[in-house]
Amino acid sequence: MTLRAGVVGQPIRHSLSPLIHAAWLRAAGIDGTYEAFEVPAGTLARFVEGRVGGLVGLNVTLPLKEEALALAHEASARAIAAGAANLLIFQQNGTILADNTDGLGLMAAFAAQSPGFDAASGPVVVLGAGGAARGAAATLSALAPSVRVVNRTLAKAEALRDQIGGPVEAWPLAEAARAFEGAVAVVNATSAGLSGEGSLDLPLEALPADCVVMDMVYKPLETELLRLARARKLRTVDGLEMLIGQARPSFEAFYGQPPPDLDVRALALKALGG
Ligand code: NAP
């Protein structure tokens, strides 16, 4: 039987996930498909209804990650901690399990592009307080001694701190220089840096020389933030590596085996025009 999976979101046309999963499926010789479905906010439950038997699962992207968690019958601890799901598994008994592999993707990206990085070695900074920031803060809060969530709208950072608790702190963007002091990593989980979304004006000079700068944005791959960090000789980690890192455990959940060894990064770079 063909194993059918896919990704839902809006806009979804430019998602790289179908390219990545299709390449793995071909290389592994699996009888499976992976499609992109345009699903507007507020309509995920309706979309999923009736498809539970026909699909093995779905990846979920903007703006549906909270809806995905809400409609599931069961959720993993990491999806609950993140308050969002990027993966829905349609189980054989007809129930839906929500999971979140974004945190795994984030840490896989650090391991691939900044080997030896240890989140336990000092404070980490997360820029932003939306869904992606919440996932990153939830993952890092289990590893780092402090997680400084820095956001333009302080109230959102405070809400995130209150929700996750533990070592999470809330900081206004205006105090980024102080939040950067002694940081071992900065993770940009804002949408600033996306093509056409403007950029952040950050005091990178306040960062220690051994700090790692990560940007979740991968369009463009070299964001203004990564370019400025490299110019300061800081180590960097890009958003494409995180995208591939979250796709690996999703593939295994859909098709029952880990993805084969294949340079999907090269394929994705080609699609991005790099
Ligand atoms: P979101 O919920 O819309 O949150 C956006 C955040 O960005 C908010 O905290 C917002 O601040 C902040 N922001 C937006 N424009 C800003 C600006 N000009 N200056 C300062 N702050 C600004 O979005 P999300 O779902 O968290 O996603 C954030 C980014 O992560 C997106 O670009 C997404 O594509 C990327 N992402 C990548 C991966 C990957 O695998 N690479 C995975 C997940 C997400 P306010 O609260 O003040 O509005």
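Draft legend 1. Structural context of the domain arrangement of the protein chain. The domain architecture assigned to the protein chain consists of domain 1 (3–101 + 244–271) and domain 2 (103–240). The distance between the C-alpha centroids of domain 1 and domain 2 comes to 25 Å. The partner domain 2 presents 15 residues to the 17 residues of domain 1 that form the contact. Buried area between domain 1 and domain 2, both sides added, is near 1,200 Å², and the carbon and sulfur share of it is 55%. On the surface where domain 1 and domain 2 come into contact, there are two salt bridges. Residue Arg134 is joined to Glu66 by a salt bridge in which the shortest nitrogen-to-oxygen separation is 2.7 Å. Joining domain 1 to domain 2, the criterion identifies nine residue pairs in polar contact (both at pLDDT 80 or more). Listed by contribution, the elements that provide at least two residues to the side of domain 1 that touches domain 2 are α4 (77–82), α10 (239–255) and α11 (264–272). Of the residues that constitute the side of domain 1 that touches domain 2, the class distribution is eight nonpolar, six polar and three charged.

Draft legend 2. Main features of a nonpolar patch on the surface. Taken together, Leu19, Leu262 and Leu267 make up a surface patch of nonpolar side chains, about 210 Å² in accessible area. Tracing the chain through its elements places Leu19 in helix α1 (residues 17–28). Judged by its relative accessible area of 34%, Leu19 falls in the partly exposed class.

Draft legend 3. Region of interest: the site of the ligand. In the vicinity of the ligand there are 23 residues, among which Ala129, Ala132, Asn151, Thr153 and Lys156 approach most closely. With respect to the ligand, the backbone of Ser191 contributes an N or O atom lying 3.3 Å from an oxygen atom. In the model, an oxygen atom of the ligand is placed 3.4 Å from a nitrogen or oxygen of the Leu243 main chain. The fraction of the free accessible surface of the ligand (930 Å²) that becomes covered by protein chains is 80%. At the level of secondary structure, the elements contributing two or more residues to the shell around the ligand comprise α6 (131–141) and α10. At three residues, α10 tops the list of elements feeding residues into the shell around the ligand. Residues of the shell around the ligand, tallied by class, amount to twelve nonpolar, eight polar and three charged.

Draft legend 4. Representation of the packing of helix α5 (residues 102–113) against α10. At their nearest, the axes of α5 and α10 sit 7 Å apart, and the two run at 125 degrees to each other. In this view, α5 runs oblique relative to α10, as classed from their interaxial angle. Handedness of the crossing formed by α5 with α10: right-handed. Along the contact surface, α5 presents Asp102, Leu104, Gly105, Leu106, Ala108, Ala109, Ala112 and Gln113, while α10 presents Glu241, Met242, Gly245, Gln246 and Pro249.

Criteria and cut-off values
Residues numbered from 1 in each chain as written. Predicted model: local features only at pLDDT ≥ 70, side-chain atom pairs only at ≥ 80, totals over all residues. Heavy atoms only, no water. Domains from an automatic or database assignment. Contact = heavy atoms within 4.5 Å. Buried area = accessible area lost by both parts, 1.4 Å probe. Salt bridge = Lys/Arg side-chain N within 4 Å of Asp/Glu carboxyl O. Polar contact = N/O pair within 3.5 Å; in protein donor to acceptor, adjacent residues only side chain to side chain. Helix = DSSP H or I, 4+ residues; strand = E, 2+ residues; numbered from the N terminus. Nonpolar A, V, L, I, M, F, W, Y, C, P; charged D, E, K, R; others polar. Patch = residues over 30% accessible without salt bridge, like charges linked within 9 Å, V, L, I, M, F, W, Y side chains within 5 Å. Areas by Shrake-Rupley, 256 points an atom, 1.4 Å probe, with all protein chains shown as cover. Buried < 20%, exposed > 50% of the residue type's maximum accessible area, 1.4 Å probe, protein only. Near = heavy atom within 4 Å. Axes fitted to C-alpha atoms, helices over the stretch in contact; angles between N-to-C directions. Parallel < 35°, antiparallel > 145°, perpendicular 65-115°, else oblique. Left-handed = near helix turned anticlockwise from the far one by under 90°.

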